[in-house]
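Topology and contacts: notes
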Amino acid sequence: MSTLEIKIEPVTRIEGHGKVRVLVSKNRVQDVQFNVIEAPRFFEKFMESKQAEEAPRISERICGVCPTAHHLASVKAVESAWGVEPPETAVKLRRLMHLGGIISSHILHVAFFTLPDLLDIPEKSLTGLYAQKPRLVEDAIRLRETGQNIVDTVGGRAIHPITAVPGGVTKLLTSDSRDKLLKQAERALTTSQNIAKLCFQLIQDNLEKVKAYPHFETLYMALTRDGFHEIYDGKVRVFDPTTNSRIDFQPNEYLDHILEKPIAHTYAKYPFIKGSKEEPCRVGPLARLNATDDFTTPLASEHLEAYRKIFGSPAHNVMGYNLARVIELVNAAELTNELLREEDLTTGKIRVKVVAKSGAGVGMVEAPRGTLIHHYETDQEGCLKRVNVIVPTNHNVPSLERAVFEMARQVIPQMEGIGRDRALWMLENVVRAYDPCLSCSVHMVELVEEESHGSQNSVREEKR
Amino acid sequence: MKKLATVGCCCAGCHVAILDLHERILPLLKDVELSHSYIISDVKAIPSDLDIVVVEGGIRTEHDAALAKEAREKAKYVVALGSCACFGGLPSLANLYDTKEMMNYVYTMTPGTSAGEIPHVEIPRVTQKLEPISSCVKVDYEVPGCPPEPDDIALIIGGILSGERVELPKKSVCDECERKRLEKPPAKVRRLFEEPEDKRCLLEQGYFCMGPATRGGCKARCPNSAVPCDGCRGPSAVSWDQGLAMLDALSTITYENVKDYSLATHTGTFHRYTYASSLLAKLQGLVEKR
Amino acid sequence: MERQEQFEPVIVAFCCWWCAYGAADLAGTSKLEYPTNIRIVRVPCSGRVEPQFILRAFKGKADGVIVAGCLEGGCHYVDGNLKAKRRVESLKKALNAIGLSGDRLEFYLMSSAMSDKFVEAMNEFTERIKRLGPSPLRV
């Protein structure tokens, strides 16, 4: 029996290197594998023995598209391990840099990765998009620049920010900077509204095609604050649409609910929610809009209503990710405008005293692509003893594979009719909707915490 | 029209740094054809007659090595973009450990994990050590930094396109730092979470600031944000080994503060971005060979 | 074990011109013997010896390296010898960390009149290296 293997390599317009393999035999799609070929870099191993306060600057190098999320989850994990509460102004400044990161990451995806597909332009590249829609590209670039400027100003550097340290942040916003950013933020809100309008329009115009995309149910996970959409700090909620039940837990209880499994055909490990069956859980924009009740900002809340009319509540269709993402973009712009107006950003207290010690702690944030977990243990010098990072993309990969499988079942039999390239493009659309961050998904190494740990360590340590 | 491609990936921060040219990318795309760039274009294969290939990331798997070699064959100029491509970068700290042991250890013995297997199907093999691109192919230009400065990227690519000879800045980070030196050695070591005095040199205050041994051109962003430099732009034009030069300098002015040198901890300080290409790692490699 | 007895280490000794080299010279003119394993490299001050000289000596298959300078307070350049002492101490730790014994590197202090101290140091270090065996970088 011959098996035909259809390969998409590499999947383009995503972050990181991955390929899709569709195995067809007897004219039926038998299996789909999403191979993350991005190299594992063993962060969790080499971060051991490093001073824990350096973790925010080291672990953020897991990803250059969402470094701010790692930077913040990391500093929260260290503070949790050392029992440190940063002052309110510092938290606000961290939120602000987080918003900058979300704006820049989301518009990168919406404009540069997704819109070429939604618009269905002939050449689906940045050059092609610019040829068709120059104003749109210029606006998107400016919006992305605003996001990067926020991180640069508040975080110290646009890519791989530096100002979050255990105890707070290292600098205040100056009034001058605040005024500059506010001007940009106001413009950002207008642009994100325009782009939201465009995306809603494109989805509506192609509703039949959109509804044909995979729409199976899964669990959904997100941070939440009093039931609202929350990006920096809150409880973790897992929502089960089949039973309409919600479990809320604290970040430091995550091991009671989430376990990880290594898989033969990929360097990314698959997390599952513990339960009677090993259930995959989705995270990210689609999940956040399902697991939480509403946004705290008006325009995003309006869009949410319109979105629910299209995709239902809860929404399961993978293309919902794209629309959810643009609504979050509007929300981030609204929150940025609100936050920049707070008085104490330029004058408040931004650091508290910190003592390094042994401990264990968890830091969680909602990264652009979903719930991000950093979990550290430190020794009495305050050096890292054990590091565990679970990135959002890993949660999504099992359902991503299933979604591509279902889509392949639909389109591969029709390949002759619709054309090979077109069919494979539809499969890529499914992958792209998830906005996978493949560099994040292979940071990796899960560490053993056993007596045997010491003997396994092959670093030549100087004997004292 | 000249043809430009970008390949490779590590954390994608270098690709993002190219996008951080913001509007400047538009005229660039008019001057050159972007023949292949997986992040913003759908072209799957790497075309053959390229003028410039920009490579991000170090060599961590056989796929990375194959990609670097393919890029070298197909392009006139190879640009190593970012500290990973130039020196191995931050992930080369994994070279302190044995890769096979790490893979075995990690994928087969984890608590809170159900039984799994070591990834091996349809994915490229991990190499023993992470190396810079130059370990594999000849590199024409290096643009260091983690992330590299968009200005440097524009400078180097612009230089190749116009045929002008361009050079990266030769100064160290200290030259761009606004803090003032009082010429007094540090009394004690301070860690990152301790709040520094405003406006005074961080090294003098006892932080392990890598400024003196690090290439400038970054506007000394970190010390100017009250955070010590961690050496992300690699060695300055005159440092023979960024980390050892710094360790040496520190031991001669404040030995008390470095006498507890520990490889596992202090590579994170002195060789954070350059471990793979450091003299120390080369010696370690030679010792391990026997 | 016959192999071990025949092992003749290669030892590089960076000697400062003002003191250590003077002591070596005096040892020579006084017809005092010291092992032929020692290859002397004359430098203006022990503080001139950069770590990379030492590391390259090891890379070049030296089995041991000595840095020799003036007595404390006696350095012609005020404190070059103190810097060299610190430098050697740090480097010993780095060498231990990568699996090359830090005992293969040593720092000695002497004045230019102390030819007997020079000879004693050279003898003692050569014996030490013979006991340690050839450098792991040799094979």
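Predicted model only: the values in this text are computed from it and were never measured.

What to know about the overall build of chain C
- In terms of helices and strands, chain C carries five helices and four strands.
- In chain C, the succession of α and β elements from N to C terminus is α-β-α-β-α-β-α-β-α.
- Whereas a compact globule of 139 residues would reach a radius of gyration of roughly 14 Å, chain C reaches 14 Å, a difference of no more than 12%.
- In terms of overall dimensions, chain C has a C-alpha envelope of 45 × 35 × 20 Å along the principal axes.
- Buried positions account for 51% of the 139 residues belonging to chain C.
- At a minimum sequence separation of 6, the contacts of chain C that also span at least 24 residues come to 80%.

What to know about the pairing of strand E8 (residues 235-240) of chain A
All names here are of chain A.
- Bridging between strand E6 (residues 219-225) and E8 involves five bridges; their strand directions are antiparallel. Each residue of the ladder has a partner; that of Leu-223, found in E8, is Val-236.
- With five bridges joining them, E8 and strand E9 (residues 245-249) adopt antiparallel strand pairing. Each bridged residue has a counterpart across the sheet, and for Asp-240 the counterpart in E9 is Ser-245.
- Between the end of E8 and the start of E9, which pair antiparallel, lie four residues, with Asn-244 showing a positive phi angle near 55°.

Points about unusual backbone geometry
- That bond from Ser-313 of chain A to Pro-314 of chain A is cis: its omega, 10°, falls within 30 degrees of zero.
- In this structure, Pro-314 of chain A sits in the loop between helix H10 (298-311) and helix H11 (320-340).
- Look at the link from Cys-146 of chain B to Pro-147 of chain B: it is a cis peptide, with omega at 5°.
- Here Pro-147 of chain B is to be found in the loop between strand E7 (141-143) and helix H6 (150-162).
- At Asp-435 of chain A, a residue that is not glycine, the phi angle is positive and equals roughly 50°.
- The class of Asp-435 of chain A is buried, set by 28 C-beta atoms lying within 10 Å.

With respect to the packing of helix H4 (residues 88-118) of chain A against helix H6 (residues 134-155) of chain A
Residues and elements named next belong to chain A.
- Contact geometry for H4 and H6: axes closest at 8 Å, N-to-C directions at 155°. Taken together, the axes of H4 and H6 lie roughly antiparallel to each other. You can see that H4 and H6 cross each other, and the crossing is left-handed. Side by side, H4 and H6 meet where Leu-93, Leu-96, Met-97, Leu-99, Gly-100, Gly-101, Ile-103, Ser-104, Ile-107, Leu-108 and Ala-111 of the first sit next to Ala-140, Leu-143, Arg-144, Thr-146, Gly-147, Gln-148, Ile-150, Val-151, Val-154 and Gly-155 of the second.

With respect to the confidence of the model for chain C
- Within chain C, residue pLDDT values average 92, and 96% of them lie at 70 or more.
- We note a pTM of 0.92 for the whole complex and an ipTM of 0.94 for its interfaces.

Let's talk about the sheet that holds E7 of chain B
All names here are of chain B.
- If you walk across this open sheet you meet the five strands as E2-E1-E3-E5-E7, and the pairing is parallel. The open sheet has two free edges, formed respectively by strand E2 (32-37) and E7, since each of these has just one partner strand. Each strand of the sheet is rotated relative to its neighbour by a mean of 25°, with strand direction disregarded.
- With three bridges joining them, strand E5 (residues 75-81) and E7 adopt parallel strand pairing. For Ala-80, the partnering residue across the bridge sits in E7 and is Glu-142.
- Along the sheet, H6 contacts strand E1 (2-8), E2, strand E3 (50-56), E5 and E7; its crossing angle with E7, the most-contacted strand, is approximately 160°.

Description of helix H7 (residues 175-205) of chain A
Residues and elements named next belong to chain A.
- Taking 1.5 Å per residue as the helical rise, H7 with its 31 residues ought to reach 45 Å, and the 45 Å between its terminal C-alpha atoms agrees with that figure.
- All of the buried residues along H7 are Arg-178, Leu-181, Ala-185, Ala-188, Thr-191, Ser-192, Ile-195, Ala-196, Cys-199 and Ile-203.
- Lining the buried residues of H7 we find H4, H6, helix H8 (207-211), H10 and H11.

Points about the nonpolar core
- Counting residues in each nonpolar core, the largest one holds 276 residues, and the members touching the most others are Val-404 of chain A together with Val-55 of chain B.
- Ranked by residue count, the leading element in this core is H4 of chain A, at 15 residues.
- Per-domain counts for this core show at least three residues from each of domain 1 (2-95 + 121-162) and domain 2 (173-289) of chain B.
- Sequence-distant contacts of Val-404 of chain A, defined by excluding residues within four places in its chain, comprise Val-20, Val-32, Phe-34, Leu-427, Val-430 and Val-431 of chain A.

Cut-offs applied
Residues numbered from 1 in each chain as written. Chains lettered and ligands numbered in written order. Predicted model: local features only at pLDDT ≥ 70, side-chain atom pairs only at ≥ 80, totals over all residues. Helix = DSSP H or I, 4+ residues; strand = E, 2+ residues; numbered from the N terminus. Rg over C-alpha atoms; globule rule 2.2 N^0.38 Å. Buried ≥ 20, exposed ≤ 12 C-beta atoms within 10 Å, placed from the backbone. Contact = placed C-beta atoms within 7 Å. Pairing = 2+ DSSP bridges. Axes fitted to C-alpha atoms, helices over the stretch in contact; angles between N-to-C directions. Parallel < 35°, antiparallel > 145°, perpendicular 65-115°, else oblique. Left-handed = near helix turned anticlockwise from the far one by under 90°. pLDDT = per-residue confidence, 0-100. Expected span 1.5 Å × (residues − 1). Core = buried A, V, L, I, M, F, W, Y, C linked by C-beta atoms within 7 Å. Domains from an automatic or database assignment.

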